[in-house]
Amino acid sequence: MVIQWHAHPGSPYVFGLVGVDHDLDFPEPMPVVGISRSARGYCITLVLETMKTYSSEDGLTEEALVTKLRTCRYHHLFLHSSLRDNSSGTCRWGEFGAGGLLWGECTTRHFEWFEGSPVTELLHKVKELYGLDDGVTFRNVTVPSESRPRPLHLGTATQIGAIPTEGIPCLLKVLLPLNCTGLPALYIRDLLLNPPAYEIASTIQATCKLMSSIKCSIPEFTCVSSAKLVKLLELREANHIEFCRIKNVVDEILHMHRSTDLKEILKLLMDPAWVATGLKIDFETLVNECEWVSERIGQMIFLDGENDQKISSYANIPGEFFEDMESSWKGRVKKIHIEEEVAEVERAAEALSLVVTEDFLPIVSRIKATSAPLGGPKGEILYAREHEAVWFKGKRFAPAVWAGTPGEEQIKQLKPALDSKGRKVGEEWFTTMKVENALTRYHDTGAKAKARVLELLRGLSTELQTKINILVFASMLLVIAKALFAHVSEGRRRKWVFPTLTGFSSSKGGESLDETKGMKIIGLTPYWFDMSEGCAVLNTVEMQSLFLLTGPNGGGKSSLLRSICAAALLGICGFMVPAESALIPQFDSVMLHMKSYDSPADGKSSFQVEMSELRSIISGATSRSLVLVDEICRGTETAKGTCIAGSIVETLDEIGCLGIISTHLHGIFTLPLRTKNTIYKAMGTEYVDGQTKPTWKLVDGICRESLAFETAKKEGVAETIIQRAEELYSSVYPKALSSGRFNTQLAQVGSEGAQLLSNRTQAASLCHKSKPTNRMEVLQKEVESAVTLICQKKLMELYRQRNTLELPVLNSVAIAAREQPPPSTIGASCLYVMFRPDKKLYIGETDDLDGRVRSHRSKEGMQNATFLYFIVPGKSIARQLETLLINQLSSQGFPLTNLADGKHQNFGTSSLSLGSITVA
């Protein structure tokens, strides 16, 4: 027999999972990677054996390809023979020029060479590697790369922290809250490294804008690995836990479909999910199939809250015995499907209890009646877990004289207990023939019931495998939804904004795009600073062409370049940006080059590495590119380095790209450069107490001051060294000193103040209110009515005091179990009521509703607590209403857990802002 599947680090062993009651830590699948070269550039092909899919991406630069290798955990690496042939026609690949970076990356890894068609032959290698039949087919999930920015270069990805790099602020960490990890974080990282097509980026931005504005509660967004779904259903090893998770996935899709606010978001997420999965699913098909899957799982699987399958319990048998024997199959499927098997187990359990009572209980009673305080007989009925049996355990219980007293007949029937191999268990364990027969019967019926349960679970796996494309698509859609909701929440907290995305030229087909050559970012802040804390210097960048940037050490040149690069990348991905407002073109590539280090493994100096990276940047730059180079040609002698830098500036100026070249090579301004559009910019300085200090502001002009001596002194270099350096400087550059240490021509750029616009949304959506069906729903309706009435009366009182002409509006929003607050609550003062499972209430107020909800639910027994919240104008009003509600609801007979908080007095101030609220 040929084994068609085996375990490896990216696809762990799953056999037997269907019968256990715990989950499996299933990592993301590791692909087999093939690298080749074509006329368009480098090509990478990824084959996922788990998913039976493959994708190819052609036309990659060497740096982009190395970035993909650095961020991809693969199972096996194959290099195509086309890589050996360089432009000179020899096979000395990687020795000089193109291929060196890739060769250096590959030589540190294990790989194999292959020939033939890069895709066809690689799929053949995969089938050999995994022992698959030739008839197994792989689905092509390659997404067209037209109208899509190029993947990030390795230097760009590391210098903005898209790939975690020591000493570099990590961009990924500021895009999401700290509690958002796993699959959503991986999706965001992959989107940054491989920016989406312009239409998809616009869709992502439109989705995020809707997410930012909704007021209703949102689902938890169950995240399930697509590879895990495929593998478990394919092998029929999905257990009841996995089926419940699958039901959560489709139920959350249906929840979004039925919600007026979330339905449009669901529709917008269809295209990003298509790009991520390669599956084109119709919206109505998705909804209908999710309904079928939810109904089918609901018909079969035992769900939370159901209680029709209780573990057997009898007085004279330890409860742990029945718990261990029956918990492995009860609570998996609904009782209606295993009624006959359950009935047999219950009859066998009752029979076992009867014989244990008849054979063991009289002995125990006898021992209790005759036992002496010290050294007397002992005996009890115990569960022997290792042997899955209930036996009598005792010593010194046999009578010295048989006198026909109670229990003697049962003692005569005892025999030593034996293990499964017929060996005596010990001197103190005893049983009887009737007990052993009853145990055998009970175990047989339990095994039969468990086998039936596993049969039903495997049958359900077979049914759902026919819907695997829908499940993969739905699970990926929820991963994207969770990632984007998390990003919007963090972006709102940091006070980031949505940029305006513009095109460079008219689109095909006559559809006109906003044609804007330049990029304009107002109030730009470094992404690693938190704007909500107000600790960063803001800059305005209005770029129509190439900037040649100068400035002192520590003046903010590198920070500015990183900030612009991050803002542009976030914008073309559809994300929020760290600014007050932004207009960002749809760049075809964003390239950042910072300082270079030598590469001893490749035999390259730092200047060689820099030239190699700049060669790649220049060869890939177009008029639609953003090119950012920090301290160009820093690794060689000044005169020739200045000339190389000048020539590169001329080349980029002729290409017509946007970008910034920063330098300390001030001799570049004396070169006869043939530039048409390059503009001189500088990082500003100011005199404070006789010293020159940086302002970290971008201004017009040239700054020839480096503040080198001041920087050295600040970092602790000996004063004698600095003094001698100044003497040497004055002897060589007397003219520079005679004209004052600085020769700057700086024109401060006036910045227009950002205008904050707030649009009041007064549209209210009507939703169908179902009639309460249980005590908790009745309680929620009563509390909602009471809270609304109390708040209405209080706010009307404040309304009369202020003589406000407009009556404020106050809307209540419910957060059900497995739901969470929307991003619109970020930073807003909220009053909330928590409905505990014990029917008691907790009244609170907070400016961080999401954190407070998670904190409450993290406590034991509170996982499914529900909430009702109101957004109110300011913390002072929230505190007043909190105290008022605690006292009023308590006096009306509602059970509260925090009555002590009702003793707070004098919360709030007399200056109340009521203009944005009306009680409905």
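Fair warning: this is a prediction, and the values are worked out from it, not measured in the lab.

Cut-offs used in this document
- Residues numbered from 1 in each chain as written.
- Predicted model: local features only at pLDDT ≥ 70, side-chain atom pairs only at ≥ 80, totals over all residues.
- Heavy atoms only, no water.
- 1 Å grid on protein atoms, 1.4 Å probe; cavity = no way out; pocket = protein on both sides within 12 Å on 5 of 7 lines; lining within 4 Å.
- Points joined across faces, edges and corners; volume = space filled by probe spheres on them.
- Helix = DSSP H or I, 4+ residues; strand = E, 2+ residues; numbered from the N terminus.
- Nonpolar A, V, L, I, M, F, W, Y, C, P; charged D, E, K, R; others polar.
- Buried < 20%, exposed > 50% of the residue type's maximum accessible area, 1.4 Å probe, protein only.
- Pairing = 2+ DSSP bridges.
- Salt bridge = Lys/Arg side-chain N within 4 Å of Asp/Glu carboxyl O.
- Contact = heavy atoms within 4.5 Å.
- Axes fitted to C-alpha atoms, helices over the stretch in contact; angles between N-to-C directions.
- Polar contact = N/O pair within 3.5 Å; in protein donor to acceptor, adjacent residues only side chain to side chain.
- Phe/Tyr/Trp six-rings, centres within 6.5 Å; stacked < 30°, edge-to-face > 60°.
- Lys NZ or Arg CZ within 6 Å of the ring centre and 35° of its normal.

Caption draft 1: Local environment of empty space enclosed by the protein. Applying the stated criterion across every chain, the model contains 1 cavity of 30 Å³ or more. A volume near 30 Å³ is recorded for the largest cavity. Taken together, V224, L229, I246, V249, L471 and S475 form the lining of the largest cavity. Elements supplying a minimum of two residues to the lining of the largest cavity: α9 (240–258) and α18 (468–493). Residue composition of the lining of the largest cavity, grouped by class: 5 nonpolar, 1 polar and no charged.

Caption draft 2: Representation of the pairing of strand β1 (residues 32–38) within the structure. Here β1 lies mainly inside the structure; 5 of its 7 residues are buried. Taken together, the 7 bridges between β1 and strand β2 (residues 41–48) define a ladder with antiparallel strand orientation. If you follow S38 over to β2, its bridge partner there is G41. Connecting β1 to the next strand, β2, in antiparallel fashion are 2 residues. Examined bridge by bridge, β1 and strand β4 (residues 76–80) share 4 bridges and lie parallel to one another. Across the sheet, the residue bridging to G34 is F78, located in β4.

Caption draft 3: Here's a closer look at the pattern of salt bridges. Here the structure, examined in full by the defined rule, presents 35 salt bridges. Here K52 makes a salt bridge to E49, at a shortest N to O gap of 3.5 Å. Given the relative accessible area of 3%, E49 is considered buried. Taking the shortest distance from any N to any O, the salt bridge between K68 and E57 comes out at 3.1 Å. With K68 in helix α1 (residues 62–70) and E57 in strand β3 (residues 53–60), this pair connects stretches of sequence that are 11 residues apart. Counted as one network, the salt bridges with shared partners bring together E49, K52, K231 and E234.

Caption draft 4: Region of interest: the sheet that holds β2. Taken in spatial order, the 6 strands line up as β5-β4-β1-β2-β3-β6 in an open sheet, and their pairing is mixed. Strands at the two margins of the open sheet, each flanked by one partner only, are β5 (112–114) and β6 (139–140). Helix-sheet contacts for α1 involve β1, β2, β3 and β4, and the interaxial angle to β3 is about 150°. Contacts between helix α3 (residues 118–130) and the sheet are confined to β1, β2, β3, β4 and β5, with β1 contributing the most and set at about 160° to the helix.

Caption draft 5: Spatial organisation of the side chain of S589. Following the sequence through the fold, S589 ends up in strand β17 (residues 589–593). A distance of 3.1 Å separates polar atoms of two side chains, one belonging to S589 and the other to R150. There is a polar contact of 3.3 Å between the side chain of S589 and the side chain of D588. Apart from the residues lying within four places of it in its own chain, the contact partners of S589 are R150, G620, R624, S625 and L626.

Caption draft 6: Highlighting the sheet that holds strand β11 (residues 429–431). What the 4 strands build is an open sheet, ordered β8-β9-β11-β10; its pairing is antiparallel. The open sheet is flanked by β8 (378–384) and β10 (415–416), the only strands paired with a single partner. Looking at chain direction, strand β9 (residues 389–395) and β11 are connected through 2 bridges and run antiparallel. Paired with F392 across the bridge in β11 is F430. On the sheet, helix α13 (residues 319–326) packs against β8 and β9 and is oriented at approximately 15° with respect to β8.

Caption draft 7: Examining the packing of aromatic side chains more closely. Throughout the structure, instances matching the rule amount to 17 aromatic pairs. Arranged with centres 5.7 Å apart and planes meeting at 85°, the rings of F111 and W113 form a pair that is edge-to-face. By relative accessible area, which is 28% here, W113 ends up partly exposed. Aromatic pair W528 and F529: ring centres 6.1 Å apart, planes at 40°, arrangement tilted. Ring-pair connections join several aromatic residues into one group, and the members of that group are Y314, F321, F322, Y383 and Y442. Positioned above the aromatic ring of W292 is the side chain of K467, whose terminal nitrogen or guanidinium carbon lies 5.0 Å from the ring centre. Positioned above the aromatic ring of F547, the side-chain terminus of K681 is 5.3 Å from the ring centre.

Caption draft 8: Summary view of the environment of Y842. Mapped onto the fold, Y842 is located in strand β27 (residues 841–846). In this structure, the C-alpha to C-alpha distance between Y842 and T897, residues 55 residues apart in sequence, is 5.7 Å.

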